[in-house]
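Residue strings, one per chain:
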Amino acid sequence: MMTLTAAKFIDAWAATVVVAGAGTGIGTVFGSLTIGYARNLSLKQQLLSYAIVGFTLTGAMGLFCLMVAFLILFAT
């Protein structure tokens, strides 16, 4: 029984580490938006729409991995 509990915590930790990757991805998207906007001001609207899609997809992956971590911990 002890090894099953330890395995659950290790699996949940591994799924939670991906949330840090999602945070890094959001920072990368925001940094790229800032650089792109500084280089070409006329593309503001197009760059913003691409950035919103990037924020959404990256945040969704982070939330999905957090949900998997909770499922590993509390579903069994």
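None of the values given here were measured: they were computed from a predicted structure. (Residues numbered from 1 in each chain as written. Predicted model: local features only at pLDDT ≥ 70, side-chain atom pairs only at ≥ 80, totals over all residues. Heavy atoms only, no water.)

### So, the overall build of the chain
Inference 1: The secondary structure content of the chain amounts to two helices and zero strands.
Inference 2: Its C-alpha atoms give the chain a radius of gyration of 18 Å, more than 25% over the compact-globule value 11 Å for 76 residues.
Inference 3: The principal-axis extent of the C-alpha atoms belonging to the chain is close to 60 × 15 × 5 Å.
Inference 4: Looking at the chain residue by residue over its 76 residues, the buried ones come to 16%.
Inference 5: Within the chain, contacts between residues separated by at least 24 positions form 76% of all contacts whose residues are at least 6 apart in sequence. (Helix = DSSP H or I, 4+ residues; strand = E, 2+ residues; numbered from the N terminus. Rg over C-alpha atoms; globule rule 2.2 N^0.38 Å. Buried < 20%, exposed > 50% of the residue type's maximum accessible area, 1.4 Å probe, protein only. Contact = heavy atoms within 4.5 Å.)

### Section: the UniProt feature "domain: V-ATPase proteolipid subunit C-like" (unreviewed entry) in the chain
Inference 1: As recorded in UniProt, the feature "domain: V-ATPase proteolipid subunit C-like" (unreviewed entry) lies at residues 15–72.
Inference 2: Across residues 15–72, helical content stands at 93% and strand content at 0%; the span's end C-alpha atoms are separated by 9 Å. (UniProt positions renumbered as here; feature names shortened; annotations may be inferred.)

### A look at the UniProt feature "transmembrane region" (unreviewed entry) in the chain
Inference 1: Feature annotation in UniProt places "transmembrane region" (unreviewed entry) on residues 12–35 and 47–75, given in this structure's numbering.
Inference 2: Counting secondary structure, residues 12–35 comes out at 100% helix and 0% strand; the distance between its end C-alpha atoms is 36 Å.
Inference 3: Counted over residues 47–75, helix gives 97% and strand 0%. Its end C-alpha atoms are 41 Å apart.

### A closer look at the environment of leucine 47
Inference 1: Within the element layout of this structure, leucine 47 appears in helix H2 (residues 44–74).
Inference 2: Assessed through its relative accessible area of 22%, leucine 47 is described here as partly exposed.
Inference 3: Placed 19 residues apart in sequence, leucine 47 and threonine 28 show a C-alpha to C-alpha distance of 14 Å.
Inference 4: When residues no more than four places from it in sequence are discounted, the contact partners of leucine 47 are Leu33, Gly36, Tyr37 and Asn40.

### Digging into H2
Inference 1: Along its 31 residues, H2 runs 44 Å from first to last C-alpha, staying within 8% of the 45 Å computed at 1.5 Å per residue.
Inference 2: The complete set of buried residues in H2 reads Ala51, Gly54, Thr58, Gly62, Cys65 and Ala69. (Expected span 1.5 Å × (residues − 1).)

### Section: the side chain of threonine 58
Inference 1: Position of threonine 58 relative to the elements: it lies in helix H2.
Inference 2: Owing to a relative accessible area of 18%, threonine 58 belongs among the buried residues under this scheme.
Inference 3: What threonine 58 contacts, discounting residues up to four positions off in sequence, is Ala22, Gly25, Ile26 and Val29.

### Considerations on a nonpolar patch on the surface
Inference 1: Residues Met61, Phe64, Met67 and Leu71 make up a contiguous nonpolar surface patch of roughly 400 Å² in combined accessible area.
Inference 2: Relative to the helices and strands, methionine 67 is located in helix H2. (Patch = residues over 30% accessible without salt bridge, like charges linked within 9 Å, V, L, I, M, F, W, Y side chains within 5 Å. Areas by Shrake-Rupley, 256 points an atom, 1.4 Å probe, with all protein chains shown as cover. Salt bridge = Lys/Arg side-chain N within 4 Å of Asp/Glu carboxyl O.)

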